[in-house]
Amino acid sequence: MTYSVNKLQKKKMEEPPAKRPCTDYQTAQLKAYKGTPLELKCVNTIRALAADMVQKADSGHPGAPMGCAPMAHILWSSAASGGSGRNHSAKNPNWWNRDRFVLSNGHACALQYVMLHLSGYGDCNMDQLKAFRQVGSNTPGHPENFCTDGVEVCTGPLGQGISNAVGMAIAAKHLGATYNTTDFPNIINSKTYVICGDGCLQEGISGEACSLAGHLGLGDLIVLYDDNHITIDGDTDLAFTEDVKMRYESYGWQVLVVDDVANGLDDLRAAIDEAKKCTDKPTLIKIRTEIGFGSPSKQGSASSHGAPLGVPEIEATKQRLYGCDPSKDFFVDEDVAAYYKEQADAGDQALAAWDADFAKYKEAHPDKAKELERRFNGEIPEGAFDDLPTFVFGKDKANATRKFSEACINAVAKKMPELMGGSSDLTGSNCCQIKGAGDFQKDTPEGSTLRFGVREHAMAAICNGMFAYGGLRPFCATFLQFAGYALGAMRCSALSKFGVIYIMTHDSIGLGEDGPTHQPVEMLESLRSMPNMCVVRAADANEMAAAYQIAINNVHTPTVICCTRGTVAPLEHSSRDKAMKGAYTVIEEEGEGAPDLVMIATGSEVWRCVDAAKALQSNHSIRTRVVSMPCQELFLEQSEEYRRSVLPGNVPTMSVEASAEHGWHRFSHAQIGITRFGMSGPLEQLFKKYGFDAENVASKGKELVDFYKNLGGNVPDLNCRPTFNNFQA
């Protein structure tokens, strides 16, 4: 039902509202509504609470929650009450088999917080609703999984949430195929529900992810599309006129259309029931809504999207919404509270029934149950790292570090079947195939190799969803340069504290002939500058073993494992244990006392520095220490004593990395790095042209030593600088 008012009516609405239980507008809304008065009152309560939250915060997005309130009511209602029957419980928000819900249009988070409040989630009590968007509250401006029980993933960057949901649906299907039995077919059988908006479907990432979801036939994925025709700039006709229904049908989805949820929910109920019956296709339900529903002057307008309605407008809105009292804010009437309490009780009963089933499953299948518990508890199996390879200098063959990576992931996978993932159509190049792991496909959900196709951004977001689901350690792979395509989702990994493993090969100009479009220059520093992101660039097999041990142990930190395309020379004194500290001395200086020069390098540049150090000693008697620094982040976590023992700070120090110089100034006085894009050509020719050959490294090392000698030996101590912690805990 759409409301319109003339100027006289609008003027009256700006006056103090009449104190009466039901206005004429409310009576009209109830009369037009095809459903029970309580149902309409529940939906309107959601709308009013969301508007109140945004108004009190003086910030936020009221329009989408008001338009999507009918969908939320259905999704938080039991099947017995005519709802979706979505299984969840405030008593155990981490219940393994809960039906996941993702609010992909995260700006509408007031809607999710209201529903969590009505469902009894303690993180969203009334005080928290009133603290919406305030520092330290459980109700931040976009959903954050680490802030609020009942929130699965961080959404806000549009398209991420629906793509995460594809990962959740993959995880559920794979775990169900792996652990369900004929006598217990429903240990893992959860569904994934999504609410998304026009913006989510415009973002390219959602197209990538939904195309894959259709290919995989993820029948337990149900997306409710808020088709309100509004974006921030105005009507979607400005830029988005495609036929969404036809696009998603071409992806292999079932698409259902609901034209009205303002005047009754029977059509939406029927659509959700039909979606639940479809087991071989994901379902998109295209639901026509009106943003800011009920607001007399802002309904259907972009003005309701991203700003409070205003107190007079909220009062006028409540006058028009059945069951609302314009004189009250943050109000939930007893009958509405009782209704949602009943729905929460139904969820608790579903949890209790599942717990009872799992207890029986545990008796009948103790090994499977034990493994499920281990995996969902995030426990690393005993001896997981025992089979990681150790390189024996003088015996084992030199190789590219991507080949060492392949050996490591296969060594760990033997004891960690939860490792599940794949490459963006570069499996052979990324060397990330786990031997014996079949493909996860529509008809083989027990397979653990994912064929992501050429979809880097969605690949990373899908892995986030898999990690969020639990029971899996997802990994994905591409060329390091193409991390740029995936960066938005990788940032969400770090923000969400998801220990996704990123295998990034072809990690420098050393990839050679493919040229500058494929050669990363700035990417390492881009990733290193990201909070809670661990970047490891191994120099040989022993350091690669350390990289995998680091990555597996980093349950709450994503790890990027960078690998060379070309062969690296073996290092005589490399060490997995020492590499676990982030940096260590791989070649000691000769003689007594402090070294004359320290060189720090990573990856394929370490062995070149070793050769340069030998030349400096033999040709110029410059006593040179070579430090391998596979992981800056881990090194900075070590004690000051250890850091000084490796990098004295007051000795001429030079960094050598075939990447951007940025970031190395805190560790070194001078840098051999890259300040321009790469070129096409053979590896060794490129390394010589860009100055990474041992001859140039030695030459620049001598220049650095001479530079400070000419200054009287006064070398600035890089360790003598204050560090400030400006965050106020």
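Structure's up top.
Because the structure is a prediction, the values reported are computed rather than measured.

Moving on, we come to the sheet that holds strand S7 (residues 283-288). Pairing is parallel in the open sheet, where 5 strands are placed in the order S1-S2-S3-S7-S6. In the strand order of this sheet, the two ends are held by strand S1 (100-103) and strand S6 (254-258), each with one partner. Between one strand axis and the next, the sheet turns through 15° on average, direction left out of account. Where strand S3 (residues 221-227) lies against S7, 6 bridges are found, and the strand directions are parallel. Residue pairing in the sheet places Asp226 in a bridge with Ile287 of S7. Of the strands in this sheet, S1, strand S2 (192-197) and S3 touch helix H7 (residues 160-179), which is tilted by about 165° from S2.

On to the packing of helix H22 (residues 606-620) against helix H26 (residues 694-710), then. Relative to each other, H22 and H26 sit at 55°, their axes nearing to 8 Å. Classified by the angle between their axes, H22 and H26 sit oblique to one another. Here H22 and H26 pass one another in a crossing that is right-handed. Across the interface between the two elements, Arg608, Cys609, Asp611, Ala612, Leu616 and His620 from H22 touch Ala694, Val697, Ala698 and Lys702 from H26. Looking at the contact of H22 with H26 residue by residue, the class counts come to 6 nonpolar, 1 polar and 3 charged.

Right, let's get into the packing of aromatic side chains. If you walk through the whole model with that rule in mind, you get 22 aromatic pairs. Seen from their ring centres, Phe635 and Tyr642 are 6.4 Å apart, and the 65° between their planes marks the pair as edge-to-face. Given a relative accessible area of 17%, Tyr642 falls into the buried group. Among the aromatic residues, those joined into a ring-pair cluster are Trp95, Trp96, Phe184, Trp354, Phe358, Tyr361, Phe376 and Tyr469. Across from the ring centre of Trp76, 4.3 Å away, lies the NZ or CZ of Arg86, which sits over that ring. In this structure, Arg320 is placed above the aromatic ring of Tyr25, and the distance from its NZ or CZ to the ring centre is 3.6 Å.

Topologically, Arg576 is positioned in helix H21 (residues 576-579). There is no salt bridge for the buried Arg576, and the closest opposite charge comes from Asp577, which lies 5.3 Å off by N-O distance. At 3.0 Å, the side chain of Arg576 forms a polar contact with the side chain of Gln549. Apart from the residues lying within four places of it in its own chain, the contact partners of Arg576 are Phe385, Leu388, Thr390, Asn542, Ala545, Ala546 and Gln549.

Packing of helix H4 (residues 63-75) against helix H5 (residues 109-118) brings their axes to within 9 Å, and their N-to-C directions diverge by 40°. In terms of their interaxial angle, H4 and H5 are classed as oblique. As for the relative orientation of H4 and H5, their crossing is right-handed in sense. Contacts between H4 and H5 involve Pro65, Cys68, Ala69, Ala72 and His73 from the first element and Ala110, Leu111 and Met115 from the second. Residue composition of the contact of H4 with H5, by class: 7 nonpolar, 1 polar and no charged.

Turning to the sheet that holds strand S11 (residues 473-479), a few remarks are in order. Taken in spatial order, the 6 strands of this open sheet run S10-S9-S11-S12-S14-S13, and their pairing is parallel. Each edge of the open sheet is held by one strand with a lone partner, namely strand S10 (449-451) and strand S13 (534-537). With direction set aside, neighbouring strand axes in the sheet form an average angle of 20°. In this sheet, S11 lies alongside strand S9 (residues 419-423) in parallel orientation, the contact comprising 5 bridges.

Reading guide: rules and limits
Residues numbered from 1 in each chain as written. Predicted model: local features only at pLDDT ≥ 70, side-chain atom pairs only at ≥ 80, totals over all residues. Heavy atoms only, no water. Pairing = 2+ DSSP bridges. Helix = DSSP H or I, 4+ residues; strand = E, 2+ residues; numbered from the N terminus. Axes fitted to C-alpha atoms, helices over the stretch in contact; angles between N-to-C directions. Contact = heavy atoms within 4.5 Å. Parallel < 35°, antiparallel > 145°, perpendicular 65-115°, else oblique. Left-handed = near helix turned anticlockwise from the far one by under 90°. Nonpolar A, V, L, I, M, F, W, Y, C, P; charged D, E, K, R; others polar. Phe/Tyr/Trp six-rings, centres within 6.5 Å; stacked < 30°, edge-to-face > 60°. Buried < 20%, exposed > 50% of the residue type's maximum accessible area, 1.4 Å probe, protein only. Lys NZ or Arg CZ within 6 Å of the ring centre and 35° of its normal. Lys, Arg positive; Asp, Glu negative; His and termini not counted. Salt bridge = Lys/Arg side-chain N within 4 Å of Asp/Glu carboxyl O. Polar contact = N/O pair within 3.5 Å; in protein donor to acceptor, adjacent residues only side chain to side chain.

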